[in-house]
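# Summary of the model geometry
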Amino acid sequence: MAASRIVIENCAIATVDADDTEYASGYIVVADNRIESVGAGQAPAGLENVVRRIDGTGHLATPGLINTHHHFYQWITRGLATDHNLFNWLVALYPTWARIDEPMARAAAQGSLAMMARGGVTTAMDHHYVYPRGTGDLSGAIIGAASEMGVRFTLARGSMDRGKSAGGLPPDFAVESLEGALAATEETIDKHHDASFDAMTQVAVAPCSPFSVSTELLRQGAELARRKNVRLHTHGSETVEEEEFCKELFGMGPTDYFESTGWLGQDVWMAHCVHMNDSDIAAFGRTGTGVAHCPSSNARLGAGIARVPDMLKAGVPVGLGVDGTASNESGELHTELRNALLVNRLGPHREAALNARQALRLGTYGGAQVLGRAEQIGSLEAGKLADLVLWKLDTLAHSSIADPVIALVFGAAAPVSLSLVNGKTVVEDNHLTTVDEDAIARSVRDEAQRLARIAAQD
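The text that follows walks through the structure, step by step, so that each part is easy to find. Only a predicted model underlies this, so the values are computations on that prediction, with no experimental measurement involved.

### Quick word on the nonpolar core
Of all hydrophobic cores here, the largest spans 110 residues; its most connected members are Trp-89, Trp-97, Leu-113, Met-149 and Met-311. At nine residues, the largest contribution of residues to this core is made by helix H2 (residues 102–118). Here Met-149 is in contact with Gln-110, Leu-113, Ala-114, Ala-117, Val-426, Leu-432, Thr-434, Val-435 and Ile-440, once residues within four sequence places are set aside. Ranked by size, the runner-up nonpolar core spans 16 residues in total, among them Ile-54, Ala-61, Ala-386 and Leu-388.

Shown next, in the form of C-alpha cells:
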C-alpha cells in the first residue's frame, strides 16, 4: 500500500539536527509515521497520495517536546504544601499519596498528559513509585491513559522499600518489599515494554531515591534493567539534605553511592542533579549518565540551580522535565524552555549560560538522548518518526519578535496549531483531538476531592 502523505509548507523550521539547520520558509513531508523529507522552499512536486496539505505561514515547526521526568499522580494533589523544602514537602504529602488507587491514577495521568500534549509534548514519561497494597493495576491505568491520548510514552516503573520504620520518609504501608518491587517491575517490562524503532510504550526500571529505597533494591534493580535491556531512572542530588543523608547513611555523596550500586552509565538518567560538584559532573560526562533538568520544580522547592552549562560542556546528556505537578502546578513543558534559560542565567555563567537554541535542544533532542531514543525522535530529519509541532507565532504575543526560535523560547507560551505523534494528529488549533478535555477536567476534580476526603479520615 502506498504511503499516505501530509505536506506542511511555508513555515519556519528549526530541525534541531546536529548542525542546528533552520529554514526561514520551508516544508516537511510526512509519509505514514515517518518524516520523508525536510527542506527550504516548497515541497517537491508530484508527491503521490497526499491526504492533507497545511499552510504553515506564521508558524514555526520544531520536533515535538520530550518530557523526561514527571509524577502524574500528583495532578490531584496540586496547590498543597506550597512553602516547604523537599523533605518537609514529602513528609507532608506522602500520607495523602499513599491513598491513591487505580481510578485516581488514571484520572491524574489523563490530566497530566492532556496539559503536556496540548502544549507541544509528543513524548512523555511518568516516574510512578507509589504502589499502595490492594489498589489495583496502577501501571496499567497510566499506560492506558497515554495510549488513549496518543502520545509516545515511557513508564519509569518506580518502587520504594524503605518505609518510615526503616529510616525512610514514606509510610510503611505505601512501600513494597524488595522481592515484590523487583517482581512487579519485571512483570511490567514483560507486559508493556516495546523495543521496536517506532515504539509507543517503553518501560524503565526506576527505584525512587536514595532515601526511600534500600541499597539492594538499587543494585538488583540495575541488574534487572540490564538483563532486560531497558533504561534506569531515579532522583539524584536534588537537595543539600539528600547529600547529607547519603553521607550519614552510606559514608559517601550521592554520585559515589550511585556508582557503587551500578547506577552510572549510558542507560541511566537522573532527575534534578542540582547539587553536583566538578567531580560528580565529570563522572556523569565520562559514563554518559543523563540528567532530567526540572527548573520550575527546583525553584518551587527552593532546591537550587542545577549546573546545566557545566554539564553540557562535560558532555552530559540533558533533557527537560516538568516534574510532578505538586511541585510545578502548571504541568507544562513548553514553559520550561524559558525557565531553564532564565534560571540558569541566575547562576555563575549569567547571560552566557544558555541561549534560545540551546534551550530548545534541551526540550527536544536532549530529551531524546536521555530517554535513549535519539535515533528515532528529537529532531526533524528524514527517516525519523513524525513527532512534530507547529507553533503559531503571528499573534499579538509574538509577531514583533523577528527570530521565531527566540519568540518561542523568550516569549509567552505559544499556541499549538498542530501536533503530530507518529504521524497522527493529537492537537489541532490548540485543542486535543483524541480525548475530551472537559471530561478529563471533571474526572480529575472528582478524584482529587475523593482523595482529599479519604486522606482527611486518617
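### Looking at the packing of aromatic side chains
One pass over the full model with this rule turns up ten aromatic pairs. Centre to centre, the rings of Tyr-73 and Trp-97 are 5.2 Å apart; their planes meet at 85°, and the pair counts as edge-to-face. With Tyr-73 in the loop between strand E6 (65–66) and helix H1 (86–97) and Trp-97 in helix H1, this pair connects stretches of sequence that are 24 residues apart. The interplanar angle of 5° and the centroid separation of 3.8 Å between the aromatic rings of Phe-250 and Tyr-257 together place this pair among those described as stacked. The same class applies to Phe-250 and to Tyr-257, which are both buried. Here the aromatic residues Phe-87, Phe-211, Phe-245, Phe-250, Tyr-257 and Phe-258 are joined through ring pairs into a cluster of three or more. Cation over ring: Arg-78 sits above Trp-75, and NZ or CZ is 3.8 Å from the ring centre. Sitting over the ring of Tyr-131, Arg-157 keeps its end group 3.6 Å from the ring centre.

### Structural notes on the layout of surface pockets
Taken as a whole, the largest pocket spans an internal volume of roughly 350 Å³. As for the largest pocket, its lining consists of 19 residues, of which His-193, Gln-202, Asn-229, Arg-231 and Gly-372 are closest to the centre. Counting residues per element, the ones that place at least two in the lining of the largest pocket are strand E9 (201–207) and helix H5 (215–228). Take the lining of the largest pocket: its biggest share by element is three residues, from E9. Within the lining of the largest pocket, the residues separate by chemical class into seven nonpolar, eight polar and four charged. Counted as a void, the second largest pocket has a volume near 230 Å³. Together, 15 residues line the second largest pocket, and Asp-137, Ser-139, Arg-157, Glu-187 and Thr-188 are the ones closest to its centre. At five residues, helix H4 (residues 178–192) tops the list of elements feeding residues into the lining of the second largest pocket.

### What about helix H14 (residues 437–457)?
For H14, built from 21 residues, the straight-helix expectation of 30 Å at 1.5 Å per residue is met to within 8% by its first-to-last C-alpha distance of 31 Å. Every buried residue belonging to H14 is among Ile-440, Val-444, Glu-447, Leu-451 and Ala-455, and all of these are buried. Projected down its long axis, H14 carries its buried residues within an arc of 75°, all on one side. Residues of H14 that are exposed and point more than 90 degrees away from the buried face comprise Asp-438, Arg-453, Ala-456 and Gln-457. Its buried side turned inward, H14 meets H1, H2 and helix H3 (138–149).

### As for helix H8 (residues 278–287)
Along H8, the residues classified as buried are Asp-280, Ile-281, Ala-283, Phe-284 and Thr-287. Here the buried residues of H8 occupy an arc of 155° about the axis, which is enough to place them on one side. Facing away from the buried surface of H8 by more than 90 degrees, the exposed residues are Asp-278, Ser-279 and Arg-286. At its buried positions, H8 is contacted by helix H7 (254–260), strand E11 (268–272), strand E12 (290–293) and helix H10 (308–313). Where H8 begins, the side chain of Asn-277 points an oxygen toward the backbone nitrogen of Ser-279, at a separation of 3.0 Å.

### Remarks on the pattern of salt bridges
Applying the stated criterion to the full structure yields 25 salt bridges. We note a salt bridge from Arg-450 to Asp-101, for which the minimum N-O separation is 2.9 Å. One end of the pair, Arg-450, is in helix H14; the other, Asp-101, is in the loop between H1 and H2, and 349 residues separate them in sequence. Here Arg-450 falls in the partly exposed class, since its relative accessible area comes to 23%. On the accessibility criterion, Asp-101 (16% relative accessible area) is buried. Asp-190 is paired through a salt bridge with Lys-228; the nearest N and O atoms lie 2.7 Å apart. In this pair, Asp-190 is assigned in helix H4 and Lys-228 in helix H5, connecting sequence segments 38 residues apart. Each of Glu-186, Asp-190, Arg-227 and Lys-228 takes part in a single network of salt bridges with overlapping partners.

Thresholds, definitions, all that
- Residues numbered from 1 in each chain as written.
- Predicted model: local features only at pLDDT ≥ 70, side-chain atom pairs only at ≥ 80, totals over all residues.
- Heavy atoms only, no water.
- Core = buried A, V, L, I, M, F, W, Y, C linked by side-chain atoms within 4.5 Å.
- Buried < 20%, exposed > 50% of the residue type's maximum accessible area, 1.4 Å probe, protein only.
- Helix = DSSP H or I, 4+ residues; strand = E, 2+ residues; numbered from the N terminus.
- Contact = heavy atoms within 4.5 Å.
- Phe/Tyr/Trp six-rings, centres within 6.5 Å; stacked < 30°, edge-to-face > 60°.
- Lys NZ or Arg CZ within 6 Å of the ring centre and 35° of its normal.
- 1 Å grid on protein atoms, 1.4 Å probe; cavity = no way out; pocket = protein on both sides within 12 Å on 5 of 7 lines; lining within 4 Å.
- Points joined across faces, edges and corners; volume = space filled by probe spheres on them.
- Nonpolar A, V, L, I, M, F, W, Y, C, P; charged D, E, K, R; others polar.
- Expected span 1.5 Å × (residues − 1).
- Arc of directions from axis to C-beta.
- Polar contact = N/O pair within 3.5 Å; in protein donor to acceptor, adjacent residues only side chain to side chain.
- Salt bridge = Lys/Arg side-chain N within 4 Å of Asp/Glu carboxyl O.

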